Amino acid sequence: MGIIVQKFGGTSVADLERIRRVAKRVALTRDQGHRVVVVVSAMAGETDRLLALAREACPEPSRRETDVLVSTGEQVTSALLALCLQGMGYPAVSLLGHQVQIYTDNRYSSAHIQAVAGDRLRKELDQGKIVVVAGFQGMDREGNITTLGRGGSDLTAVALAAYLEADLCEIYTDVEGVYTTDPGICPDARKIDRISYEEMLEMASQGAKVLQTRSVEFAMKYNVPIHVRSSFSDEEGTMVVPEDQEMERVVVSGIAFRTDEGKITIKKVPDRPGVAARIFGPLADEGINVDIIVQNVSEDGLADMTFTVPKGEMKRAMERVEQVAKELGAREVTWDDQIAKVSIIGVGMRTHAGVASRMFSALASEGINIQMISTSEIKISCVIESKYLELAVRVLHKAFRLGEPPSQEGGEASRGEGDE
Ligand code: ADP
Ligand code: ASP
Ligand code: MG
């Protein structure tokens, strides 16, 4: 009997009625002869509610206690789902992160999984139980509760699928799979049947929240096949699998975006060796992630340096940067949080030219100014003014013809090439 891991997100377990529906789906999988491990998120909105409560209790809540608090959301849904299954006559047991022995480091709120011991999980499975695991949580080596970062139940599911060498990891969510872009903002978005780990990783890290970035990294590392699908329909979803030649035919597979970063500009810093290290060293020491960096050097030997940081870290970053700017004799430091980053992603970019210019022309055709650009082998990102984000996504979706199914003909890519 093969093992299937099924993960249900917040909207799928938003109330008891929906948890009952989830129980029916799980029971069906079990009736088909599979051994089932279920991973659940907290009810939709619950994690946000708990985080707000922590801030209400204390303006700067300690990360340890915050993790103790937010992990309760998943405890509730795991127990409720186990109860629903038991009520239907199925043997089920709920297990929390520490009971499964999901060991993490001690980075509260964004802990990394180090090992899964899992003896209890196996024992319960061997006894014929459906095991319902509370997602998003683990424990450090001292037994403290940790959480795995927002969206972390995806990671719990993938990690357990890897540990159990499951046949499949199913991620049930509120859309029918991975789309060419967020269907919430682009009505033409189309469901992708198969996507490579690498593209999915870029999509996720550039903001497509349908899968948590680290869960994709984990799946890629341990070769866990993922099926992203809807818990509200029986439609086939999207398979996330290793890359194959067929995928390269498509130049651009998807568009992702994020609005959770702001930019900082240091004006007129001396253009000499060591300056970048002086600016970014203190940010790294503070654990602040810098994303895109752009430097313009003028003839007077002075440079402007602009970079993006998470909005939540903006205040801390500004404090450090202003200090260094003063030491370096820079003219001024400015910030802007009205920005968005839009990215096009596709493994086909490796073998096709002209993709960037098509992107820039499409944005220009709507009068959208590009403030910063960054590229990697399979991705191009542009930072723009946030008020143009939806327009940018739609115009790019059209320019790369993502609403049309990929051509079945061999040879060159058709979708993604656009009209010359
Ligand atoms: P869950 O609570 O099930 O984990 P999430 O809210 O984390 O669900 O992720 C699903 C959401 O991701 C969708 O409702 C959709 O708005 C958003 N999303 C963003 N980009 C994409 C994409 N490319 N394909 C599908 N969904 C996307
Ligand atoms: N409940 C957590 C969150 O909202 C984890 C998850 O849903 O995956 O981020
Ligand atoms: Mg999610």
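Undergrad: Summarise the overall build of the chain; cite the residues concerned and give the values.
TA: Helix and strand content of the chain: 14 helices and 20 strands. The globule rule puts the C-alpha radius of gyration for 420 residues at 22 Å, and the 23 Å found for the chain is close to it. Projected onto its principal axes, the C-alpha positions of the chain cover 75 × 60 × 30 Å. Out of the 420 residues in the chain, the part that is buried amounts to 51%.

Undergrad: A description of the site of ligand 2 should follow, citing residues and the corresponding values.
TA: If you check the shell around ligand 2, you find Ser 41, Ala 42, Thr 47, Glu 74, Phe 136, Arg 150, Gly 151, Gly 152 and Ser 153 and nothing else. Thr 47 is positioned with one of its side-chain polar atoms (N or O) 2.7 Å from a nitrogen atom of ligand 2. Contact between ligand 2 and Arg 150: an oxygen atom at 2.7 Å from a side-chain N or O atom of the residue. Coverage of ligand 2 by the protein chains reaches 87% of its 270 Å² of free accessible surface. Grouping the amino acids of the shell around ligand 2 by side-chain chemistry returns two nonpolar, five polar and two charged.

Undergrad: Would you mind going over the state of the cysteines in detail, with residue names and values included?
TA: In a disulfide, the sulfur atoms of two cysteines are covalently bonded to one another. Throughout the structure, instances matching the rule amount to zero disulfides. Cys 186 supplies the cysteine sulfur nearest to Cys 382, a cysteine that is in no disulfide, at a spacing of 17 Å.

Undergrad: Please give an account of the sheet that holds strand 17 (residues 332–336) that cites residues and values.
TA: The sheet built from four strands is open, its strands ordered 15-16-14-17 with antiparallel pairing. The sheet is open, and its two borders are formed by strand 15 (293–297) and strand 17, each paired with just one other strand. Across the sheet, the mean angle separating the axes of adjacent strands is 15° when strand polarity is ignored. Where strand 15 lies against strand 16 (residues 302–310), five bridges are found, and the strand directions are antiparallel. Bridge assignment links Val 294 to a residue of strand 16, and that residue is Thr 306. Strands in contact with helix 11 (residues 275–285) are strand 14 (261–270), strand 15 and strand 16; relative to strand 16, the strand with the most contacts, it is inclined by about 20°. Seen against the sheet, helix 12 (residues 314–328) touches strand 14, strand 16 and strand 17 and runs at an angle of roughly 5° to strand 14.

Undergrad: Could you give an account of the pairing of strand 1 (residues 3–8), with specific residues and numbers?
TA: Among the six residues that make up strand 1, six are buried, leaving the element largely enclosed by the rest of the structure. In terms of strand pairing, strand 1 meets strand 2 (residues 35–40) through six bridges, oriented parallel. Counterpart to Lys 7 in the pairing with strand 2 is Val 39. Of the crossover connections in this fold, the one passing from strand 1 over helix 1 (residues 16–31) to the parallel strand 2 is right-handed. Pairing of strand 1 with strand 9 (residues 168–173) involves five bridges; the strand directions are parallel.

Undergrad: Could you give an account of the site of ligand 1, naming the residues involved and the relevant values?
TA: Not every one of the 17 residues close to ligand 1 is listed here, only the nearest: Lys 7, Thr 173, Asp 174, Tyr 179 and Asp 182. A distance of 3.1 Å is found between an oxygen atom of ligand 1 and a side-chain nitrogen or oxygen belonging to Lys 7. Between a nitrogen atom of ligand 1 and a main-chain N or O atom of Tyr 179, the distance comes to 2.9 Å. Class assignment for the residues of the shell around ligand 1 results in eight nonpolar, five polar and four charged.

Undergrad: Describe the packing of helix 6 (residues 119–126) against helix 7 (residues 153–164), with residues and values.
TA: Running from N to C, helix 6 and helix 7 cross one another at 70°; their axes reach a closest spacing of 12 Å. Classed by the angle they form, the pair helix 6 and helix 7 counts as roughly perpendicular. Taken together, the residues of helix 7 that come into contact with helix 6 (itself represented by Asp 119, Leu 121, Arg 122 and Leu 125) are Leu 160, Tyr 163 and Leu 164. Here the contact of helix 6 with helix 7 is composed, by residue class, of five nonpolar, no polar and two charged.

Undergrad: Give me the lowdown on the sheet that holds strand 19 (residues 372–376), citing residues and values where you can.
TA: Reading across from one edge, 13-18-20-19 is the order of the four strands in this open sheet, with antiparallel pairing throughout. Of all strands in the sheet, those bounded by a partner on one side alone are strand 13 (254–258) and strand 19. Strand after strand, the sheet turns through a mean of 20° between neighbouring axes, direction not considered. Pairing of strand 19 with strand 20 (residues 379–385), which is carried by five bridges, proceeds in the antiparallel orientation. Paired with Ile 373 across the strands is Cys 382, a residue of strand 20. Contacting strand 13, strand 18 (339–345), strand 19 and strand 20, helix 8 (residues 197–205) runs over the sheet at an angle of about 30° to strand 13. Contacts between helix 13 (residues 355–365) and the sheet are confined to strand 18, strand 19 and strand 20, with strand 20 contributing the most and set at about 20° to the helix.

Cut-offs applied
Residues numbered from 1 in each chain as written. Chains lettered and ligands numbered in written order. Predicted model: local features only at pLDDT ≥ 70, side-chain atom pairs only at ≥ 80, totals over all residues. Heavy atoms only, no water. Helix = DSSP H or I, 4+ residues; strand = E, 2+ residues; numbered from the N terminus. Rg over C-alpha atoms; globule rule 2.2 N^0.38 Å. Buried < 20%, exposed > 50% of the residue type's maximum accessible area, 1.4 Å probe, protein only. Near = heavy atom within 4 Å. Polar contact = N/O pair within 3.5 Å; in protein donor to acceptor, adjacent residues only side chain to side chain. Areas by Shrake-Rupley, 256 points an atom, 1.4 Å probe, with all protein chains shown as cover. Nonpolar A, V, L, I, M, F, W, Y, C, P; charged D, E, K, R; others polar. Disulfide = S-S within 2.5 Å. Pairing = 2+ DSSP bridges. Axes fitted to C-alpha atoms, helices over the stretch in contact; angles between N-to-C directions. Contact = heavy atoms within 4.5 Å. Right-handed = clockwise from strand over helix to strand, strands pointing away. Parallel < 35°, antiparallel > 145°, perpendicular 65-115°, else oblique.

Note that all results are geometric; they support no functional claim without further evidence.
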